[in-house]
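# Reading the structure
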Amino acid sequence: MTAIAPPTQHWETPYVDVTVDGVMAGNSAVIRVNAFDVGVTHRRPPASNVTFVMPDVIEGVDLAALTAQYEVVHATDAAFLAQAIGVGPDRTDWTTQYLVLDVATDPVTSVCGASGNPVRLGWLWGQAEHNSCYIINDPANRRPQWFVMWHELGHNFTCSCNAFNMFLWTPSPQHNSAYGEGLASLGALWSWRMAMDYPSDLGATARADIDGHFCDYWGNFQNALADYKANGRDYATIDADVLDGILMEMWGTYGVKCWFDLFSTFLPSQEAIPVAMDSVEKQATWFVAAMSASVGEDLRELFVDEYGFPIDEDAWPEIMSVVQDRVDARDFYSVGVGETPALAVAGNRLLPNVPNPFNPSTSIGFVIEKATRITLGVYDLRGRLVRRLMDAEVEPRSIRTLCVWDGRNSLGRLVTSGNYFSCGLSAAEGIAGVRKLVLVR
Ligand SMILES: [Zn+2]
């Protein structure tokens, strides 16, 4: 074993190179020397894409039981796959993400969710609460820190994109931090939506906990965005939480595809972006262009009025053209998560609508494995047809948004708030699914 560098700052890890039988190990290890023996032995629960390294029990907290109860390893494995597909499919420099519970006794050297490979998940020995970024160590409510773990994955995926780094580097520390942190969080949010929107074999406990945890963050982003707007939409002050608030609003209006398309603008990951990001305005313009290219609508006015974004009008045509090409080059519906073995399902299937609850419109998708005739309608609670949405032959593709329901009935009138149902019929297989749609006006 060779130490690459001893730590000199509190955030640094003493990384070591490990040679086994003369062959270099693929990843560095985390070594911590504590002032006293904390009496834990780390072990490694197996998974395909991620490896957790942690003790079974620490300070009386049964980590092994919590890990099993919430399917942390399995869910994070799925989060890794989702980010591999959504954020950066052509990443080649590492294939396994290590997450190591790094036990510390000294507050100065505690870490929380430090990125890299391995991701260091800190645990500060001797503090009862908020001392861990693996499990929220509240004795009354111990839960996994999903957001922290998946945000760190997000950093590793985004930062392995050369193009993303070029997008970040120049403009200003404030804006680079907003986009660097904000898009790492977007990686986490993307994993959340993939876990919620598409069929997976995660159990109910894990799904509910992941959803609740991310909904809390969503609330934080909403508050941050509301404050930002109340304080005059000053783009100079924008931070990661505000940016994620905006991305959540985009998701609410346009669905998760706009996030996928934003990531697409940084791909292929090793290719340079052909526009110099030498100003705050160009960076903002790239973001607005990405959203515009994704939704097929010029969103400049919206972003100026609603979010205070500065647009570089001279650079707009060039940036828009580059971004549009990159968005067009990657097909959400065929590159979608349905391709991965872990998330694949058999048969044609109606997906939960996104968003839900919704106002004013929601997207209804299908997993389509076999070419077939699909009929899709929205019904009220008494089973009456409110609106026929489609009746058409469809080609097999992994995951498709088939249509958008705008909350209007077949006469074109807005229907009232409440619960509705979407029902899909596949000529090949009969009922493909029934989903509840919640309209909140
Ligand atoms: Zn971060």
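Residues numbered from 1 in each chain as written. Predicted model: local features only at pLDDT ≥ 70, side-chain atom pairs only at ≥ 80, totals over all residues.

Time to look at the overall build of the protein. Regarding its fold elements, the protein presents 12 helices and 20 strands. When each of the 441 residues of the protein is scored for burial, the buried share is 42%. (Helix = DSSP H or I, 4+ residues; strand = E, 2+ residues; numbered from the N terminus. Buried ≥ 20, exposed ≤ 12 C-beta atoms within 10 Å, placed from the backbone.)

Now for the pairing of strand β16 (residues 372-379). Note: β16 against strand β17 (residues 385-394), eight bridges, orientation antiparallel. Directly across from Thr375, in β17, lies its bridge partner Asp391. Between β16 and β17, which follow one another and run antiparallel, lie five residues, and Gly383 among them has a positive phi close to 85°. Two strands pair when backbone bridges link them, and β16 and strand β19 (residues 418-426) are joined in this way by six bridges, in the antiparallel orientation. In the strand pairing of β19, Gly377 is matched with Cys423. (Pairing = 2+ DSSP bridges.)

Turning to the sheet that holds strand β7 (residues 50-55), a few remarks are in order. One key point about sheets: their strands pair by backbone hydrogen bonds, in either a parallel or an antiparallel sense. Read across the sheet, four strands follow the order β6-β7-β10-β11 without closing on themselves; strand pairing throughout is mixed. Single-partner strands in this sheet number two, and they are β6 (42-43) and β11 (119-124). Bridge count for β7 against strand β10 (residues 97-104) is four bridges, and the pairing is parallel. Bridge pairing in β10 places Phe52 opposite Leu99. Set on the sheet, helix α2 (residues 72-86) makes contact with β7 and β10; between it and β7 the angle comes to about 145°. (Contact = placed C-beta atoms within 7 Å. Axes fitted to C-alpha atoms, helices over the stretch in contact; angles between N-to-C directions.)

Right, let's get into the nonpolar core. Residues Trp259 and Ala290 are the most contacted members of the largest nonpolar core, which totals 96 residues. Ranked by residues supplied to this core, first place goes to helix α5 (residues 173-197) with 11 residues. Built from parts of two domains, this core gets at least three residues from each of domain 1 (2-69 + 94-141) and domain 2 (162-334). When near neighbours in sequence (up to four residues on either side) are disregarded, Ala290 contacts Asp261, Leu262, Thr265, Val323 and Val327. By size, the runner-up hydrophobic cluster in this structure holds 15 residues, among which are Ile364, Phe366, Cys403 and Leu439. (Core = buried A, V, L, I, M, F, W, Y, C linked by C-beta atoms within 7 Å. Domains from an automatic or database assignment.)

Turning our eyes to something else, we now look at the pairing of β10. Of all the eight residues making up β10, eight are buried; the element is thus mostly covered by neighbouring parts of the structure. Every second residue of β10 is oriented toward a common face, with Gln97, Leu99, Leu101 and Val103 on one face and Tyr98, Val100, Asp102 and Ala104 on the other, all of them buried. In this structure, β10 lies alongside β11, joined through six bridges in parallel fashion. Bridge assignment links Leu99 to a residue of β11, and that residue is Val119.

What follows concerns the confidence of the model for the protein. Summarising the model, the protein shows a mean pLDDT of 82, and 83% of its residues fall at 70 or more. Note that residues 334-346 has pLDDT below 50 and, in this model, 31 contacts with residues that lie over four places away or in other chains. (pLDDT = per-residue confidence, 0-100.)

Running from N to C, helix α6 (residues 204-230) and helix α7 (residues 240-254) point in directions that differ by 105°, and their axes come no closer than 7 Å. Classed by the angle they form, the pair α6 and α7 counts as roughly perpendicular. Mapping the contact onto sequence places Trp218, Asn220, Phe221, Gln222, Ala224, Leu225 and Tyr228 in α6 and Asp241, Val242, Asp244, Gly245, Ile246 and Met248 in α7. Residues that form the contact of α6 with α7 fall into these classes: eight nonpolar, three polar and two charged. (Parallel < 35°, antiparallel > 145°, perpendicular 65-115°, else oblique. Nonpolar A, V, L, I, M, F, W, Y, C, P; charged D, E, K, R; others polar.)

As for its placement among the helices and strands, Ile135 is situated in strand β12 (residues 135-136). Sequence separation between Ile135 and Thr67 is 68 residues; the distance between their C-alpha atoms is 9.0 Å.

This next bit is on the packing of α2 against α5. Direction vectors running N to C along α2 and α5 enclose 110°, while the axes themselves pass 9 Å from each other. Compared by their axis directions, α2 and α5 come out roughly perpendicular. Two packed elements cross with a definite hand, and for α2 against α5 that hand is right-handed. Taken together, the residues of α5 that come into contact with α2 (itself represented by Ala75, Ala78, Ala79, Ala82, Gln83 and Gly86) are Gly187, Trp190, Ser191, Met194 and Ala195. (Left-handed = near helix turned anticlockwise from the far one by under 90°.)

In an α-helix, one full turn covers 3.6 residues, which means residues spaced three or four apart are oriented alike. Burial of helix α8 (residues 257-264) is extensive: eight of the eight residues sit out of reach of the surface. Regarding α8, the residues found buried are Lys257, Cys258, Trp259, Phe260, Asp261, Leu262, Phe263 and Ser264.

Glancing now at unusual backbone geometry. A cis geometry characterises the amide bond from Leu267 onward to Pro268, with omega recorded as 0°. With an omega of 5°, the peptide bond between Asn359 and Pro360 qualifies as cis. Backbone geometry places Arg233, a non-glycine residue, at a positive phi of 50°. Along the polypeptide, Arg233 turns up in the loop between α6 and α7. Given 17 C-beta atoms within a 10 Å radius, Arg233 is considered partly exposed.

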